[in-house]
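Now for the letters of each chain:
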Amino acid sequence: MIARVIEFSARNRFLIAVLIVAIIAGGVWAMYHTPLDAIPDLSDVQVIVYTQWADRSPDIIEDQVTYPIVTQLLSAPRVKAVRASSFFGFSLIYVIFEDGTDLYWARSRVLEYLSGMAGRLPAGVSPELGPDATGVGWGLEYVLVDRSGKHDLAELRTLQDWHVQYQLRAVPGVAEVAAVGAYVKQYQVTLDPDKLLAYDVPINRVVERVRASNQEVGGRVVEFTGREYMVRGRGYIRGVADIEEVSVGAQKDGTPIRVRDLGWVQVGPDIRRGVVDYNGLGDAAGGVVVVRFGESVYDVLQRVKKNIQETVKPSLPEGVELVVTYDRSELIEHSVATLREKLVEESVIVSLVCLVFLFHFRSALVAVVT
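Caption draft 1: Summary view of the sheet that holds strand S6 (residues 174-181). If you trace the four strands from one edge of the open sheet to the other, you get S6-S13-S5-S14, paired in antiparallel fashion. Of all the strands in the sheet, just S6 and strand S14 (320-327) have a single pairing partner and so form its edges. Each adjacent strand pair in this sheet contributes to an overall mean axis angle of 25 degrees, direction not counted. Direction of pairing for S6 relative to strand S13 (residues 285-291): antiparallel, over a ladder of seven bridges. When the bridges of S13 are listed, Val-174 appears paired with Val-291. Strands strand S5 (138-146), S6, S13 and S14 of the sheet are contacted by helix H5 (residues 153-169), whose axis makes an angle of about 170 degrees with S6. Taken strand by strand, helix H10 (residues 297-315) contacts S5, S6, S13 and S14, and its axis lies near 170 degrees from that of S14.

The following block contains the structure:
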């Protein structure tokens, strides 16, 4: 058999040469297109379903949200297991599919089965899918720091949530940019129970009036001198004073009862669900860049860092600095360098062994080049 292969190769040198060139070209193409990562992704094919129901206890969420969704997803095709956890205010459900299942096919099946939940969940509860990433998609971390002291933690978190986050999400291959640390800015209305009783105003009316006052309404158009003018009512809340002036009713003599008559309005932080410390210097606002499933982590991180240098940093306010605290591309580069070093060493050893045992340079050269 080996003699026939050698004879065929000797008689068809051009065909063999073309085949070798094709194999080399395929190897070069694979070298430049193979996704690079230092951490093997051995995680299950998993889809996360996140459901929020504010201010509800875990047992109520378990009975009215988690259990109905779990029982619905158990019958989905190729589902291996469904695991769930109920917390205060939200529910997390992990749908694990059989190995080899395409992730996006699994996500579409979960959406299909969730669409059949209409009417079975409490009003206002809407399940949503987690990002199309896995547990090893955590690729880059950064913090926003202000050494000049011009911006507080709430302003840095606002900058992260409404500016930096969207610029990084636009990078191809990024599944999510999770915000962590600092304080989420809130407008907080603190009501005095005695004043509510004195004015005979229930608290739910205050909530409804404040919510209804923060909106913009549209009207028709007015034709005047051959032109059409659009009529609209602008009522978006822009500050503490706007909330204080919201009317929640009227007294017997027609005097309006405003929110400031019932309490006070202030700007404060939301309840903190975590904290970020930067090098022991104190609290900081930060973010985590999660790479999309199936993408080359190294290539995505290179695009993210390029975007940070060219787009994000020049647009930051004076005094604010974006510092990368964790970059997995460095680990990938060290891993590739180690692999390259070991391959060179092994190639040299194989070459020497071939030369010693064959003791014929041309014959050894075939194995060495291959």
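Caption draft 2: Representation of the packing of helix H11 (residues 328-358) against helix H12 (residues 361-369) in the model. At their nearest, the axes of H11 and H12 sit 9 Å apart, and the two run at 150 degrees to each other. With respect to each other, H11 and H12 are oriented roughly antiparallel. Crossing hand, H11 versus H12: right-handed. Of the residues in H12, those in contact with Ser-351, Cys-354, Leu-355 and Leu-358 of H11 are Phe-361, Ser-363, Ala-364, Ala-367 and Val-368. A breakdown of the residues in the contact of H11 with H12 according to their chemical character gives seven nonpolar, two polar and no charged.

Cut-offs and rules
- Residue numbers restart at each chain and count upward from 1, following the sequence in its written direction.
- Restriction of local features to residues with pLDDT of at least 70 applies here, the model being predicted, together with a cutoff of 80 or more for giving and counting side-chain atom pairs; totals for whole chains, interfaces and linings are based on all residues.
- Side-chain descriptors were evaluated using all non-hydrogen atoms of the structure, hydrogens and water having been removed beforehand.
- Should DSSP find at least two bridges between two strands, the strands are regarded as paired.
- Secondary structure elements follow DSSP: runs of H or I no shorter than four residues count as helices, runs of E no shorter than two count as strands, and numbering proceeds from the N terminus.
- All axes are obtained by fitting lines to C-alpha atoms, using only the stretch in contact for helices, and the reported angles, taken between N-to-C directions, cover 0 to 180 degrees.
- Residues are treated as being in contact if the distance between any of their heavy atoms lies within 4.5 Å.
- Each angle is binned into one of four classes, with values under 35 degrees roughly parallel, values over 145 roughly antiparallel, values of 65 to 115 roughly perpendicular, and all other values oblique.
- Each helix crossing is assigned a hand: it is left-handed if the near helix lies turned anticlockwise from the far helix by less than a right angle, otherwise right-handed if that turn is clockwise.
- Polar here means any residue outside two lists: the nonpolar Ala, Val, Leu, Ile, Met, Phe, Trp, Tyr, Cys and Pro, and the charged Asp, Glu, Lys and Arg; Gly therefore counts as polar.

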